[in-house]
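Below are the chains, spelled out letter by letter.
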Amino acid sequence: MIKVKAGDLADALKPARPHPLKKRPKPVPVSLEQDFVSGAFSVIEAKNDVFAKAVPACGDWPSPVQVEGILLQKLVATWPPETELELSADAEALTVRAGKSATRVMRIDGGGSKPIVRTPLKPDPRHKGKVVVPPDPINKRVELADTWGFSARVPMPQHRDPKDKG
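Let me begin by describing the structure that accompanies this report. (Residues numbered from 1 in each chain as written. Predicted model: local features only at pLDDT ≥ 70, side-chain atom pairs only at ≥ 80, totals over all residues. Heavy atoms only, no water.)

What to know about the overall build of the protein
So the rule is basically this: Here a strand is any run of E in DSSP of at least two residues, a helix any run of H or I of at least four, and the numbering for each starts at the N terminus. Note on exposure labels: buried denotes an accessible area under 20% of the residue type's maximum, exposed denotes more than 50%, and partly exposed covers the range between, all computed with a 1.4 Å probe on protein chains only. Should any heavy atoms of two residues lie within 4.5 Å, those residues are considered in contact. Note on areas: Shrake-Rupley, 1.4 Å probe, and residue coverage restricted to the protein chains presented here.
When its secondary structure is counted, the protein shows 2 helices and 9 strands. The 166 residues of the protein split such that 28% are buried. Long-range pairs, those at least 24 residues apart, make up 58% of the contacts in the protein with a sequence separation of at least 6. Approximately 12100 Å² of the protein is accessible, and the part contributed by carbon and sulfur atoms is 58%.

Considering the sheet that holds strand E3 (residues 41–45)
Note the following rule: Criterion used throughout: strands pair if DSSP finds at least two bridges between them. Note on geometry: axes are C-alpha line fits, over the in-contact stretch for helices, and angles between N-to-C directions span 0 to 180 degrees.
Strands sit in the order E4-E3-E2-E6 across an open sheet of 4 strands; the sheet is antiparallel. One side of each edge strand has no neighbouring strand; the edge strands of this open sheet are strand E4 (52–55) and strand E6 (65–68). Each neighbouring strand pair of the sheet contributes to a mean axis angle of 25 degrees, computed without reference to strand direction. Bridge count for strand E2 (residues 29–34) against E6 is 4 bridges, and the pairing is antiparallel.

Here we look at unusual backbone geometry
One non-glycine residue, Asp 49, adopts positive backbone phi at about 60 degrees. For Asp 49, a relative accessible area of 40% puts it in the partly exposed group.

Remarks on the pattern of salt bridges
How we decide: In what follows, salt bridge is the name for a side-chain nitrogen of Lys or Arg lying within 4 Å of a carboxyl oxygen of Asp or Glu.
All told, the structure shown has 6 salt bridges when counted by the stated rule. With its nearest N and O atoms 4.0 Å apart, the salt bridge here joins Glu 86 to Lys 3. Linking Glu 86 in strand E7 (residues 84–89) with Lys 3 in strand E1 (residues 2–5), this pair joins segments that are 83 residues apart in sequence. Given the relative accessible area of 25%, Glu 86 is considered partly exposed. The residue Asp 90 makes a salt bridge to Arg 104 at a minimum N-O spacing of 3.3 Å. Placement of Asp 90 in the loop between E7 and strand E8 (93–98) and of Arg 104 in strand E9 (residues 101–106) is noted, with a sequence separation of 14 residues between them. Judged by relative accessible area, which is 33%, Asp 90 ranks as partly exposed.

Observations concerning the side chain of Gln 66
Mapped onto the fold, Gln 66 is located in strand E6. On the basis of relative accessibility, which here comes to 5%, the residue Gln 66 falls in the buried class. Residues contacting Gln 66, with those up to four places away along its chain left out, are Val 30, Ser 31, Ala 46, Arg 107, Ile 108, Asp 109, Pro 115 and Ile 116.

A closer look at the sheet that holds strand E5 (residues 57–59)
Strand pairing in a sheet is mediated by backbone hydrogen bonds. Such pairs are either parallel or antiparallel. Spatial ordering of the open sheet is given by E5-E1-E7-E8-E9, a layout of 5 strands whose pairing is antiparallel. Two strands close off the open sheet at either side, each with one partner strand: E5 and E9. Between one strand and the next, the sheet's axes are offset by a mean angle of 25 degrees, whatever the strand orientation. Relative to E8, E7 runs antiparallel, the two being bridged by 4 bridges. When the sheet's bridge partners are listed, Glu 86 is paired in E8 with Arg 97. The sheet strands contacting helix H2 (residues 69–76) are E7, E8 and E9, and the helix crosses E9 at an angle near 170 degrees.

Quick notes on the nonpolar core
Nonpolar side chains in soluble globular proteins tend to end up buried together. The criterion, for reference: In these notes, a set of buried Ala, Val, Leu, Ile, Met, Phe, Trp, Tyr and Cys residues joined through side-chain atoms within 4.5 Å is what counts as a nonpolar core.
In this structure, Leu 72, Leu 85 and Leu 87 are the most contacted members of the largest nonpolar core, which totals 29 residues. Among the elements of the structure, E1, helix H1 (6–12), E2, E3, E6, H2, E7 and E8 are those that each provide at least two residues to this core. The residues touching Leu 85, leaving out its near neighbours within four places in the chain, are Ile 2, Lys 3, Val 4, Ala 6, Leu 9, Val 76, Trp 79, Val 96, Arg 97 and Ala 98.

Next up, the structure:
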């Protein structure tokens, strides 16, 4: 069992919130994990590690628990930010307690199903690297009076050849 503030957990779950104009948002699985070395309790996006945030907490957390993030965010947002929540997990569900009320959120990785394995996002194949801008040519006759490449070239006196000035 671990104790966290409702406001801290709601802030960590904000990236899981769907866009307000979407009627049927895609589920966002989150993983609730505790680092055994530092003792930090983290909320991490389970598929691609798109977002991760540490939450101040006290207590011990047994192993990573994966639940649906939008549902958990809506549940946690119902309590005032200063409310202390007790989170506990069994094989089937995550139990969220605040005072005398208790709510169960079904686990994604519970009931004998396999947990979601975190894989990094693949790079965009259209991205070829940094844009290389060639340097300006050194042997320009008049640099300041040049026109843009897409505009009409208007003959200017400084662009004339010296042999035509006569």
